[in-house]
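Okay, here's what each chain looks like letter by letter:
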Amino acid sequence: MSFGRLMISSTGLCVPSRIRPLKRQSPGKPSSLYGLALVLLLLATTFASASNAQDELPQIDVIAKLLMLEGALGGPLQRTSEQEWVEDYLSLYKKFHRTTDADGLDGKGRPTLALALGIKISDAILAVKGRNAEGLETSLGQIEQLADKLGIAAEHLSKSQNVRQHAAEARWHDAFMYFGFLQHELIRQLSRSSETKGDAVLVLCGIWLQSGQWVTEIVLQHYSDPLSQSLKEVKMVEVLSNEVDKLPHSSKQDSVVKDLATLLSAVPAHVNAEQSGGISKKDVQWLQDHFGKLVAQTTSSGEGEIKDKANAEEQE
């Protein structure tokens, strides 16, 4: 895959002409430093993927999508820094996070474990954006359990300790940087072998599914035609669909993979892929509902879905 194609498919962004980036504070202020750190990490990850001949998988740039949405909404909401979004991300985490029991998923096979790992990676990203130390610790613990189940050696998870340390010290910029390194290493390890490259594909699909839930939530909360165009990830969906189609026959027979393939094939019709303009609010809701259904199917253990700890405590 060429570098140019990686840039298109990795971000999966369709930035409408009426959406303009948010003017940031001066370079010396924290929000600008944070934005710079994000950009540098995204570039580093993309270059690393492009330079590695054995890793031709796209990168899912969730942070790039969130920064674009923050930029588009910054003016109307009168927000000029990342800190002003913390409460929103905390709320999104509480709504969409699900506690995943790695042991309880054993009977479902490797495809489910790989998808669940991607889902937990998305949860961790959201926890960092929400300055949520407890949520980040929960997500990291589940990431480590799932990675172990997939055969990733503990030595390749060392960056998780750096993430924990920086989060404990409220050094969120550094926590994000090290989590980016951890995410890249997890996918790199799975991509190294032809036997586990399919797992890496499914991790990426898990990231896409879970982040899709809360990105659609942001669009629904602040719906406009231009903003909805951020969901027209036609190239990304095409790449993921092609990669899922290349999975081993045994993986494609897994029920969760079958449902994933069905969803990927159905998405273009709901994002107005062949026409200009935005996506209807009804179709944005369709996307969120179907992302959520597959996430619940993946993270359920036993007879029912494992509910988020915070939600369970509230119900008690």
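Scroll up to find the structure this text is about.
Below, the structure is looked at part by part. (Residues numbered from 1 in each chain as written. Predicted model: local features only at pLDDT ≥ 70, side-chain atom pairs only at ≥ 80, totals over all residues. Heavy atoms only, no water.)

The next thing to look at is the overall build of the protein. Counting its secondary structure elements, the protein contains 15 helices and 0 strands. Considering only contacts within the protein whose residues lie at least 6 apart along the sequence, 78% involve residues at least 24 apart. Accessible surface for the protein amounts to roughly 13800 Å². Of this, 51% is attributable to carbon and sulfur atoms. (Helix = DSSP H or I, 4+ residues; strand = E, 2+ residues; numbered from the N terminus. Contact = heavy atoms within 4.5 Å. Areas by Shrake-Rupley, 256 points an atom, 1.4 Å probe, with all protein chains shown as cover.)

Moving on to unusual backbone geometry. Although it is not a glycine, Gln78 adopts a positive phi angle of roughly 55°. Relative to the elements of secondary structure, Gln78 occurs in the loop between α3 (62–77) and α4 (86–96). A relative accessible area of 70% places Gln78 in the exposed class. (Buried < 20%, exposed > 50% of the residue type's maximum accessible area, 1.4 Å probe, protein only.)

Across all of its chains, the model carries 14 salt bridges by this definition. The closest approach of N and O atoms between Lys129 and Glu70, which form a salt bridge, is 2.8 Å. With Lys129 in helix α5 (residues 110–129) and Glu70 in helix α3, the pair connects residues that are 59 residues apart, well separated along the chain. On the basis of relative accessible area, Glu70 is assigned to the buried category, the value being 1%. The shortest N-O distance in the salt bridge between Arg164 and Glu144 comes to 2.8 Å. One end of the pair, Arg164, is in helix α7 (residues 159–168); the other, Glu144, is in helix α6 (residues 133–149), with 20 residues separating them in the sequence. Assessed through its relative accessible area of 17%, Arg164 is described here as buried. By relative accessible area, Glu144 is classed as partly exposed at 21%. (Salt bridge = Lys/Arg side-chain N within 4 Å of Asp/Glu carboxyl O.)

Counted by the stated rule, this structure contains 3 aromatic pairs. For the ring pair Trp208 and Phe291, a centre distance of 5.1 Å and an interplane angle of 80° mean the geometry is edge-to-face. Highlighted residues: Trp208 in helix α9 (residues 197–221) and Phe291 in helix α14 (residues 281–299), separated in sequence by 83 residues. Note on Trp208: relative accessible area 4%, which makes it buried. The cationic tip of Arg79 hangs over the ring face of Trp85; the distance from NZ or CZ to the ring centre is 4.4 Å. (Phe/Tyr/Trp six-rings, centres within 6.5 Å; stacked < 30°, edge-to-face > 60°. Lys NZ or Arg CZ within 6 Å of the ring centre and 35° of its normal.)

Core analysis: the biggest nonpolar cluster contains 82 residues, and Trp208 and Leu260 have the highest contact counts within it. Leu260 has contacts with Leu115, Leu202, Cys205, Trp208, Leu209, Val244 and Leu294, leaving out every residue within four places of it along the chain. (Core = buried A, V, L, I, M, F, W, Y, C linked by side-chain atoms within 4.5 Å.)

We now examine the side chain of Ser230. Tracing the sequence through the fold places Ser230 in the loop between α10 (225–228) and α11 (234–245). Given a relative accessible area of 0%, Ser230 falls into the buried group. At 2.8 Å, the side chain of Ser230 and the backbone oxygen of Leu227 are in polar contact. (Polar contact = N/O pair within 3.5 Å; in protein donor to acceptor, adjacent residues only side chain to side chain.)

Taken residue by residue, α4 has Val86, Tyr89, Leu92, Tyr93 and Phe96 as its buried positions. Down the axis, α4 shows its buried residues gathered within 125° of arc, on one side only. Those residues of α4 that are buried lie in contact with α3, α5, α6, α9 and α14. (Arc of directions from axis to C-beta.)

With that settled, consider the packing of α3 against α9. Two numbers describe how α3 lies on α9: the axes approach to 11 Å, and their chain directions differ by 5°. In terms of their interaxial angle, α3 and α9 are classed as roughly parallel. Across from Val62, Lys65, Leu66, Leu69 and Leu73 in α3, the residues of α9 making contact are Ile207, Ser211, Trp214, Val215, Ile218 and Val219. Residues that form the contact of α3 with α9 fall into these classes: 9 nonpolar, 1 polar and 1 charged. (Axes fitted to C-alpha atoms, helices over the stretch in contact; angles between N-to-C directions. Parallel < 35°, antiparallel > 145°, perpendicular 65-115°, else oblique. Nonpolar A, V, L, I, M, F, W, Y, C, P; charged D, E, K, R; others polar.)

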